[in-house]
Amino acid sequence: MSSLLKEYLDQRVMVVTVDGETHYGELTGFDKQGNLVILDDKKNILVIRSSEVVLCGQVEVGQQLPNTNDAVRLPRCKAKLSVQQEVEIWAKRWAK
């Protein structure tokens, strides 16, 4: 996984965790296990363990990001969901 993260280094990313939290910021570092170091918009440093990451993707520069205080929290990912439930969750998330 860490070799795939090289192209996201020093870029704006969105990280979704298994707890359903969404973090936006600049990927400032990672290690060979895939743990992430994110510098968020408030200049806070977040360290996110690789075992907690569900999704990490690049955010286009200039794209308006949702206010994370108002963001709907996604359900925890520990329990296995049906395909239909996954489709409904992501459809709601990306509709915003």
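Refer to the preceding data block for the structure.
Right, let's walk through the structure included here. (Residues numbered from 1 in each chain as written. Predicted model: local features only at pLDDT ≥ 70, side-chain atom pairs only at ≥ 80, totals over all residues. Heavy atoms only, no water.)

## With respect to the nonpolar core
If you look at the biggest cluster of nonpolar residues, it comprises ten residues: Leu5, Tyr8, Val13, Val15, Leu27, Leu36, Ile38, Ile48, Val53 and Cys56. Within the residue set of this core, elements represented by two or more residues are strand S1 (12-17), strand S3 (36-40) and strand S5 (53-58). Ignoring anything within four residues of it in the chain, the contact list for leucine 36 reads Leu5, Val15, Leu27, Gly29, Phe30, Leu46, Val47, Ile48, Val53 and Cys56. (Core = buried A, V, L, I, M, F, W, Y, C linked by side-chain atoms within 4.5 Å. Buried < 20%, exposed > 50% of the residue type's maximum accessible area, 1.4 Å probe, protein only. Helix = DSSP H or I, 4+ residues; strand = E, 2+ residues; numbered from the N terminus. Contact = heavy atoms within 4.5 Å.)

## Here's the deal with unusual backbone geometry
In this structure, aspartate 10 is a non-glycine residue whose phi angle is positive, near 65°. Relative to the elements of secondary structure, aspartate 10 occurs in the loop between helix H1 (2-5) and S1. The backbone of lysine 43 shows a phi angle near 65°, a positive value even though the residue is not glycine.

## Quick look at the pairing of strand S2 (residues 22-30)
As defined by bridge partners, S1 adjoins S2 across five bridges and the pair is classed as antiparallel. Paired with methionine 14 across the strands is tyrosine 24, a residue of S2. Between the antiparallel neighbours S1 and S2 lie four residues, among them glycine 20 with a positive phi of about 90°. As judged from the five bridges shared by S2 and S3, these two strands associate in the antiparallel manner. Of the residues in S3, the one forming a bridge with glycine 29 is valine 37. Hairpin connection of S2 to S3: five residues between the antiparallel strands, including glycine 34 at a positive phi of 95°. (Pairing = 2+ DSSP bridges.)

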